[in-house]
Amino acid sequence: MSTNSAVLVLNRHFQPIHITNARRAFSLLYLGVAQALDRQFRMFDFDDWAQLSSDMGDDVIHTVDRVIRVPRVIVLQIYDRIPKTKVRFSRHNIYMRDGNTCQYCGAARARTELNLDHVVPRAQGGRTTWENVVCCCIDCNLAKGARTPEQAGMRLLKTPMRPRWTPTFRAAGDRVRYREWLPFLDLANASYWNVELEE
Ligand SMILES: [Zn+2]
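What follows concerns the overall build of the chain. Looking only at helices and strands, the chain features six helices and nine strands. By the burial criterion, 45% of the 199 residues in the chain qualify as buried. Partitioning the intrachain contacts of the chain with sequence separation of at least 6 by distance along the chain shows that 62% fall at a separation of at least 24. For the chain, the exposed surface amounts to about 11,300 Å²; the carbon and sulfur share of it is 50%.

In structure tokens, the structure reads:
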């Protein structure tokens, strides 16, 4: 068994649910709980997949009598589990929470023209948390410098908090392994936007 293989698991609506390993993916396939998806988005049950893919690929498992390719993506057939993880503390999600607007002057900007600002600067003991990091335009960032809003005579538009919404999918960025996953993930600059920030 190729233990390093990661398999993207989709629900019936082709929404990514989580990432599993090859062993677990094959047991779901074998039980008929999931089907394998190929690059043409065709679905296969275990037997069809085993026949179809016996002569293909680099990443395979060996059973007693055959060689089976490890699928990159499987689709659950039965239930529609919705991911229930806490919102990832990432650049992408901070910008999303703040609506891509500077939290001091309210300017809406392209993400490339926004920075992340520590409300209480790190130099003064401010932490990198949902409650202390906000979206900030470059002008306000420069004006504020390494000061608190009070020290800089600035005011936050609202108190930053951890968002209550549910993330669509947690696995992106550094965890994306295969191009077969790309159609199911929103991946523009994924590693930059979605990498978990150090709290
Ligand atoms: Zn601003």
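More follows now that the structure is in view.
This paragraph deals with the coordination of the zinc ion. Six octahedral donors at a metal ideally form angles of 90 or 180 degrees, and four tetrahedral donors ideally form angles of 109.5 degrees. Around the zinc ion, the protein contributes the donor atoms Cys-102 (SG), Cys-105 (SG), Cys-137 (SG) and Cys-140 (SG), which lie 2.3 Å from the metal centre. Metal-centred angles of 102 to 114 degrees between the four donor atoms at the zinc ion mark the site as tetrahedral. Each donor residue of the zinc ion lies on the same chain, and together they follow the pattern C-x2-C-x31-C-x2-C. Since its relative accessible area comes to 0%, Cys-102 is described here as buried. What makes Cys-105 partly exposed here is its relative accessible area of 45%.

Moving on: the packing of aromatic side chains. Applying the stated criterion across every chain yields a total of three aromatic pairs. Look at Phe-89 and Trp-130: their rings are 5.0 Å apart centre to centre, the planes differ by 65 degrees, and that puts the pair in the edge-to-face class. Here the residue Phe-89 occupies a position in the loop between β7 (73-76) and α3 (91-97), and Trp-130 occupies one in the loop between β8 (114-118) and β9 (133-137), the gap between them amounting to 41 residues. Assigned by exposure class, Phe-89 and Trp-130 land together as buried.

For Phe-41, which is not a glycine, the phi torsion comes out positive at approximately 65 degrees. Within the secondary structure, Phe-41 sits in the loop between β3 (34-37) and β4 (43-44). Given a relative accessible area of 45%, Phe-41 falls into the partly exposed group. Phi angles above zero are rare outside glycine, and Asn-100 is one such case at about 55 degrees. Looking at the secondary structure, you find Asn-100 in the loop between α3 and β8.

All buried positions along helix α1 (residues 22-31) are accounted for by Ala-22, Ala-25, Phe-26, Leu-28 and Leu-29. Here the buried residues of α1 occupy an arc of 160 degrees about the axis, which is enough to place them on one side. The exposed residues of α1 that point more than 90 degrees off its buried face are Arg-23, Tyr-30 and Leu-31.

Counted by the stated rule, this structure contains three salt bridges. With its nearest N and O atoms 2.7 Å apart, the salt bridge here joins Arg-42 to Asp-38. Looking at Asp-38, the relative accessible area reads 10%, which means it is buried. Between Asp-117 and Lys-144 there is a salt bridge, with its nearest N and O atoms 3.2 Å apart. Of the two residues, Asp-117 is situated in strand β8 and Lys-144 in helix α4 (residues 138-144); the sequence distance between them amounts to 27 residues. Across this residue pair, the class does not change: Asp-117 and Lys-144 are buried.

Criteria and thresholds
Within each chain, residue numbers correspond to sequence positions counted from 1 in written order. In keeping with the predicted nature of the model, local features appear solely for residues at pLDDT of at least 70, side-chain atom pairs appear and are counted solely at 80 or more, and the whole-chain, interface and lining totals rest on all residues. The side-chain figures draw on all heavy atoms in the structure; neither hydrogens nor water molecules are used. The helix count covers DSSP runs of H or I at least four residues long, the strand count covers runs of E at least two residues long, and both are numbered beginning at the N terminus. Type-normalised accessible area, obtained with a 1.4 Å probe on protein chains alone, sets the label of each residue: buried when under 20%, exposed when over 50%, and partly exposed for intermediate values. Any two residues having at least one pair of non-hydrogen atoms within 4.5 Å are treated as being in contact. Each accessible area is a Shrake-Rupley estimate made with a 1.4 Å probe; only the visible protein chains count as cover when residues are assessed. For Na, K and Ca the donor cut-off is 3.2 Å, while for other metals it is 2.8 Å, and in both cases only N, O and S atoms qualify; water is not among them, so sites may look incomplete. Every angle between 85 and 135 degrees makes a four-donor site tetrahedral, while opposite donors more than 155 degrees apart, with all other angles between 65 and 115, make a four-donor site square planar and a six-donor site octahedral; other sites are irregular. Pairing of aromatic side chains here covers Phe, Tyr and the six-membered ring of Trp, requires ring centres within 6.5 Å, and sorts the geometry by plane angle: under 30 degrees stacked, over 60 edge-to-face, intermediate tilted. Relevant arc is that of directions from the helix axis to the C-beta atoms, nothing else. Every case where a carboxyl oxygen of Asp or Glu lies within 4 Å of a side-chain nitrogen of Lys or Arg is listed as a salt bridge.

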